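# Architecture and fold: a report
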Amino acid sequence: MSTPPSPIPTTPSWRHCAYGADPTTDPVGCPGIHVPGNTACLAHLTDPDRTTYLATLAPGARIDHRGTPFTESLLLTLLEPLRDATTRIPHIHDARFEDAQFSGDAVFHGVRFTGDVGFDGAQFFGEAIFGGVTFSGDVRFAGTRFSEEASFDQTHFSSLAVFSAAQFGACATFRGARFSDPALFSEARFSERAEFDAAQFSGSAVFQMAHFADGSDFYMAQFSKDAEFGETRFGSGAGFDGAQFGGAASFNRARFDGHVSFERVRFSGSAGFDRTHFALDTTFDGAQFAGETVFMGASFGGEVRFDRAQFSGGVGFGWARFAGEAAFEETQFAGEAVFSGALFADMARFGNARFTTLSWFGPLVAAHGVGLSGAIFEAPVTLEIAAPSVSCVRTRWESTATLRLRYASVNLTDAVLSAPVAVAAHPTRFSPFRGPVDEGLLPGSPSVRVASVQGVDAAHLLLTDIDLSDCLFAGAFHLDQLRLEGRCTFATTPRGWHRRGILPARWTRRRTLAEEHHWRAHCAGQPAMDPNRPPARYAWRTGPGHPDAALTPDPEDVAATYRQLRKAFEDGKNEPGASDFYYGEMEMRRHDRRDDGTGTPPGERGLLHAYWLLSGYGLRASRALTWLLAAMSVTILVLMLWGLPAEGPKQKATGTIPAGGGRVSFVIDKEDLKNPTGDRLTVKRFDKALSVTLNSVVFRSSGQDLTTAGTYIEMASRLLEPALLALAVLAVRGRVKR
């Protein structure tokens, strides 16, 4: 029990006892009101006068003991004549205890107050026990001070209950209390734990600007009408688990300095958390929001969870700040959900969430990524997200959707696209109505990457300005109908020189699929790459299953993927783009050496090797031209050595002149050509050999006299060299055709 402090010498408005007054130190003295018919308060009456006064009291009496100092025994003495003869429960009509002082425990347990009751400014220095009390009229505890525990368990407030500016120095309990009319706790201060478990507020409940310094519990509390917690401060943990709010609930600008739990709370009206501050972990698991819900400008210092919550109306998280992980797993958004300008310093998870009418999601920033795996979007929607990763595994879009992204790596594995879905890189910072969003938490390039479209029906997929260097395509459907617009980039072959056996070699520059990288890295026995470092430019990229062969795609699968994407490029009138995928398809067929009957047959592989060697599958003009020049050089050389005769054939005419004169007949013969001897590598012979070779390239006969060997050399030249020229022309055409 606390020792009461010295009373403040303030003259009361009623005729008071003035016991112990001193002109110097205490001019007021005792502030207790006069007992009717006496000049002293109840505490300072003489024993005979007190006995006489108490004898006048009966159950249901009106009493007025404002300013009176009560001891525990004096209070019990006062209540004794007010007890009902049958129930032994004190029954009081109107009671006035304003500015009264209770130095011991104040036990009002079970008392029935059928009139108005006032405890404004009263001070309780011991325990205040009002458990089971019934207040049928208005009751006021405005400015009341409770130094020790205050108990209002199972108390029934039938009319107005005022606790405004009351101060609770110890634990305050209102477990099971019932407030039939408005309950006013505005600016009340609870220094220790406050418990309102299972309390029922049939009227409005006002806790505006109240301060709960320690924990507060509203477990299973029921608020039938409006509940006002605006600017309230919760210094430690706050629990509203299972509470029900029948009217509007306002926590605008409230501050929660400890852990907060709103699990399974039901908000039947609007719920306002505008600019509310949650310092530590917060949970709304299983909460139901039937009306409009506002978290605009709210700040969450720890983890926040809305798992399995239901928002039947609109909800706004615009410009909210989430310092920890935010989880909306299996949450249902039946109305609009506004996340414009929201900033997530950690991960934002919306796994298995359902968006029924959402039309615009974001723009938002998430430093560690956004999880939309398993989410369902039923209406046409536009998503604007700036995050390092966006997971859309098994996400379902029932209608059209546009994903405008920055910094993101998107995983679309097994996503269900029932309508066209576009994924595009946004070139500039998102700028909602309050100005550009803050992207300070996202270092690096704002480019967008797609990590996987495996299991996706690509017929509805449009990619614009996307980096597909590490995208996994194997297992996707209708890749031939995939649309690529803008600047979509693919991985390229490694740069620099490497050894192929004992010979140096260099990979031809071309666009490749990630699956080919993974297969070649596995075949080359490369070590797994560090995922936190960019891929080396001189090596193939390893796959997620590296070095497990069972998790590495085989050439047949990669060839099929190349084939479908090639058709997608061709349908888009992008022949140069399609050529790289044709090259990749041929490469995979050439390397498909499986002997189970499903690989490329050896004969076909031989033809593919020759096709690759001579012209890079008809796509490398430089290679075909190199072979052409080499063939021409060889042709010229062998013609000079063996194909051209030593000298041109001379004609010889022979005939007989008749004796009597008349017509003379001549027979003209050519001399047999002689194989060359002596110096064969002369300028004259080179000129003739060059003429023969050039005519052979364009499939013409030079008309030059050749030796037998030269004739066969020319025939071979006229067969091979035009073919090489045609391959070179085909390669050039493939690069410039649109």
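Figured I'd write up the structure that's included with this text. (Residues numbered from 1 in each chain as written. Predicted model: local features only at pLDDT ≥ 70, side-chain atom pairs only at ≥ 80, totals over all residues. Heavy atoms only, no water.)

### Structural notes on the overall build of the protein chain
How we decide: Strands here are runs of E lasting at least two residues and helices are runs of H or I lasting at least four, both read from the DSSP assignment and numbered beginning at the N terminus. As defined in this context, the radius of gyration uses C-alpha atoms, and a globule is described by 2.2 Å times the residue total to the power 0.38. We call a residue buried when its accessible area falls under 20% of the maximum for its residue type, exposed when it is over 50%, and partly exposed in between, using a 1.4 Å probe and counting protein chains only. Here a residue-residue contact requires only that any non-hydrogen atoms of the pair lie within 4.5 Å.
Looking only at helices and strands, the protein chain features nine helices and 69 strands. For a compact globule of 738 residues, the expected C-alpha radius of gyration is about 27 Å, and the protein chain comes in at 48 Å, more than 25% above that figure. In terms of principal-axis extent, the alpha carbons of the protein chain reach across some 195 × 45 × 45 Å. Sorting the 738 residues of the protein chain into buried and exposed places 49% on the buried side. At a minimum sequence separation of 6, the contacts of the protein chain that also span at least 24 residues come to 30%.

### Considering the packing of aromatic side chains
Definition in use: For Phe, Tyr and Trp, where Trp contributes only its six-membered ring, two rings pair if their centres lie within 6.5 Å, and the inter-plane angle classes them as stacked under 30 degrees, edge-to-face over 60, or tilted in between.
Following the criterion strictly, the structure yields 122 aromatic pairs and no others. Ring plane angle 0° and centroid distance 4.8 Å describe the contact between Phe 119 and Phe 141, whose orientation is recorded as stacked. Of this pair, Phe 119 sits in the loop between strand 7 (117-118) and strand 8 (123-124) while Phe 141 sits in the loop between strand 11 (139-140) and strand 12 (145-146), and the two are 22 residues apart along the sequence. Residue Phe 141 is classed as buried on the basis of its relative accessible area, which comes to 0%.

### A look at helix 6 (residues 602-615)
An α-helical turn contains 3.6 residues, so any two residues separated by three or four positions project in the same direction. We apply this condition: Under the convention used throughout, the expected extent of a helix is 1.5 Å for every residue step, that is, one less than its residue count. Picture the helix axis, draw a direction to every C-beta atom, and the arc is the one those directions span.
Taking 1.5 Å per residue as the helical rise, helix 6 with its 14 residues ought to reach 20 Å, and the 20 Å between its terminal C-alpha atoms agrees with that figure. Buried within helix 6 are the following residues: Arg 605, Leu 608, Trp 612 and Ser 615. Along the long axis of helix 6, the arc covered by the buried residues comes to 130°, so they all point the same way. Among the exposed residues of helix 6, those oriented more than 90 degrees off its buried face are Pro 602, Gly 603 and Leu 607. Gly 616 occupies a position one or two residues after helix 6 and carries a positive phi of about 60°.

### Structural notes on the nonpolar core
Definition in use: The definition of a nonpolar core used throughout is a set of buried Ala, Val, Leu, Ile, Met, Phe, Trp, Tyr and Cys residues joined through side-chain atoms within 4.5 Å.
Counting residues in each nonpolar core, the largest one holds 159 residues, and the members touching the most others are Phe 102, Phe 108, Phe 196, Phe 240, Phe 245, Phe 350 and Trp 397. It is helix 4 (residues 555-571) that contributes the most residues to this core, five residues altogether. Residues contacting Phe 196, with those up to four places away along its chain left out, are Phe 174, Phe 185, Phe 190, Phe 201, Phe 207, Phe 212, Asp 217, Phe 218, Tyr 219 and Ala 221. Residues Ile 636, Leu 644, Ala 689 and Leu 706 belong to the second largest nonpolar core, which totals nine residues.

### Observations regarding the environment of Ala 348
Its place among the elements puts Ala 348 in strand 49 (residues 348-349). For Ala 348, a relative accessible area of 0% gives the class buried. Residues within four places of Ala 348 in sequence aside, it is in contact with Ala 326, Ala 366, Gly 369, Val 370 and Gly 371.

### Thoughts on the pattern of salt bridges
Stated formally: Every case where a carboxyl oxygen of Asp or Glu lies within 4 Å of a side-chain nitrogen of Lys or Arg is listed as a salt bridge.
The tally for this structure, following the rule as stated, stands at 33 salt bridges. The residue Arg 83 makes a salt bridge to Glu 80 at a minimum N-O spacing of 3.2 Å. Judged by relative accessible area, which is 40%, Glu 80 ranks as partly exposed. Between Glu 587 and Arg 590 there is a salt bridge, with its nearest N and O atoms 2.7 Å apart. Here Glu 587 and its partner Arg 590 are both found in helix 5 (residues 575-591), three residues apart, which amounts to about one turn of the helix.

### Quick word on the pairing of strand 60 (residues 421-425)
Here is the rule: Paired strands are those between which DSSP finds at least two bridges.
A large share of strand 60 lies buried, amounting to five of its five residues. Side chains Val 421, Val 423 and Ala 425 of strand 60 all project onto a buried face; the interleaved residues Ala 422 and Ala 424 project onto the opposite face, where all are buried too. Pairing of strand 60 with strand 62 (residues 461-464), which is carried by four bridges, proceeds in the parallel orientation. Residue pairing in the sheet places Val 421 in a bridge with Leu 461 of strand 62.

### Details of the environment of Phe 119
Note on Phe 119: relative accessible area 0%, which makes it buried. Distance from Phe 119 to Leu 706, taken between C-alpha atoms, is 132 Å for residues 587 residues apart in sequence. With residues up to four places along the chain from it excluded, the contact list for Phe 119 reads Phe 97, Glu 98, Phe 102, Phe 108, Phe 124, Phe 130, Arg 140, Phe 141 and Thr 144.

### Remarks on helix 2 (residues 72-79)
For helix 2, the set of buried residues is Leu 74, Leu 75, Leu 78 and Leu 79. The buried residues of helix 2 occupy one face: seen down the axis, they fall within an arc of 135°.

### What to know about the packing of helix 7 (residues 621-643) against helix 8 (residues 683-697)
Let me state the cut-off plainly: Here an axis means a line fitted to C-alpha atoms, over the contact stretch when the element is a helix, while the angle between two N-to-C directions is reported on a 0 to 180 degree scale. Under this scheme an angle from 65 to 115 degrees is roughly perpendicular, one under 35 degrees roughly parallel, and one over 145 degrees roughly antiparallel; angles in between are oblique. Left-handed describes a crossing whose near helix is turned anticlockwise from the far helix through less than a right angle; right-handed describes the clockwise counterpart.
Taken N-terminus to C-terminus, the directions of helix 7 and helix 8 make an angle of 135°; their axes are 9 Å apart at the nearest point. Classified by the interaxial angle, the pair formed by helix 7 and helix 8 is oblique. Here the hand of the crossing between helix 7 and helix 8 comes out right-handed. Packed against helix 7, whose contacting residues are Leu 628, Met 632, Thr 635, Ile 636, Leu 639, Met 640 and Leu 641, the element helix 8 presents Arg 685, Phe 686, Ala 689, Leu 690, Val 692, Thr 693, Leu 694 and Val 697 at the interface.

### With respect to the pairing of strand 51 (residues 360-366)
Consecutive residues of a regular strand have side chains that alternate between opposite faces of the sheet. When you tally the buried positions in strand 51, you get six out of seven residues, the bulk of the element. Here strand 48 (residues 342-344) runs beside strand 51; their pairing, made up of three bridges, is parallel. Opposite Ala 342, over in strand 51, you have Leu 364 as the bridge partner. As defined by bridge partners, strand 51 adjoins strand 54 (residues 381-386) across four bridges and the pair is classed as parallel. Paired with Val 365 across the bridge in strand 54 is Ala 386.

### Some thoughts on the side chain of Arg 510
Short version of the rule: Any pair of N or O atoms that falls within 3.5 Å is considered a polar contact. Within protein, one atom must be able to donate a hydrogen and the other to accept it, and sequence-neighbouring residues count only if both atoms are side-chain atoms.
Looking at where Arg 510 falls in the secondary structure, it is placed in the loop between strand 66 (503-506) and strand 67 (511-512). Note on Arg 510: relative accessible area 4%, which makes it buried. In this structure the side chain of Arg 510 is engaged in a polar contact, spanning 2.6 Å, whose partner is the side chain of Glu 516.

### Remarks on unusual backbone geometry
Here the residue pair Gly 362 and Pro 363 is connected by a cis peptide bond, since its omega of 5° sits within 30 degrees of zero. Counting through the fold element by element, Pro 363 comes out in strand 51. Although it is not a glycine, Gln 154 sits at a positive phi angle of roughly 60°. In this structure, Gln 154 sits in the loop between strand 13 (150-151) and strand 14 (156-157). You will see that Ala 198, though not glycine, has its phi angle at about 60°, which is positive.

### What about the packing of helix 6 against helix 7?
Packed helices, taken two at a time, are described by their axes: the angle between them and the distance between them. Going by this rule: Amino acid classes used here: Ala, Val, Leu, Ile, Met, Phe, Trp, Tyr, Cys and Pro are nonpolar; Asp, Glu, Lys and Arg are charged; the rest, including Gly, are polar.
Interaxial distance between helix 6 and helix 7 falls to 6 Å at its minimum, and their mutual angle equals 85°. Looking at the two axes, helix 6 sits roughly perpendicular to helix 7. Residues Trp 612, Leu 613, Leu 614 and Ser 615 of helix 6 pack against Arg 623, Ala 624 and Trp 627 of helix 7. Classifying every residue of the contact of helix 6 with helix 7 by side-chain character gives five nonpolar, one polar and one charged.

### Things to note about the side chain of Thr 464
By the element assignment, Thr 464 lies in strand 62. For Thr 464, the residues in contact, after removing those within four places along its chain, are Val 423, Ala 424, Ala 425, Glu 485, Gly 486 and Cys 488.

### Here's the deal with the state of the cysteines
What counts, and what does not: Two cysteine sulfurs form a disulfide in these notes if their separation is within 2.5 Å.
Counted under the stated rule, the structure contains zero disulfides. The thiol of Cys 17 is not disulfide-bonded; the next cysteine sulfur, from Cys 41, is found 3.9 Å away. Given the relative accessible area of 12%, Cys 17 is considered buried.

### Observations regarding the environment of Gly 496
Tracing the chain through its elements places Gly 496 in the loop between strand 64 (491-492) and strand 65 (497-500). When its relative accessible area of 36% is taken as the criterion, Gly 496 is described as partly exposed. In this structure the C-alpha to C-alpha distance between Gly 496 and Trp 507, which are eleven residues apart in sequence, comes to 7.7 Å. When sequence neighbours within four positions are dropped, the list of residues in contact with Gly 496 reads Ala 505, Arg 506 and Trp 507.

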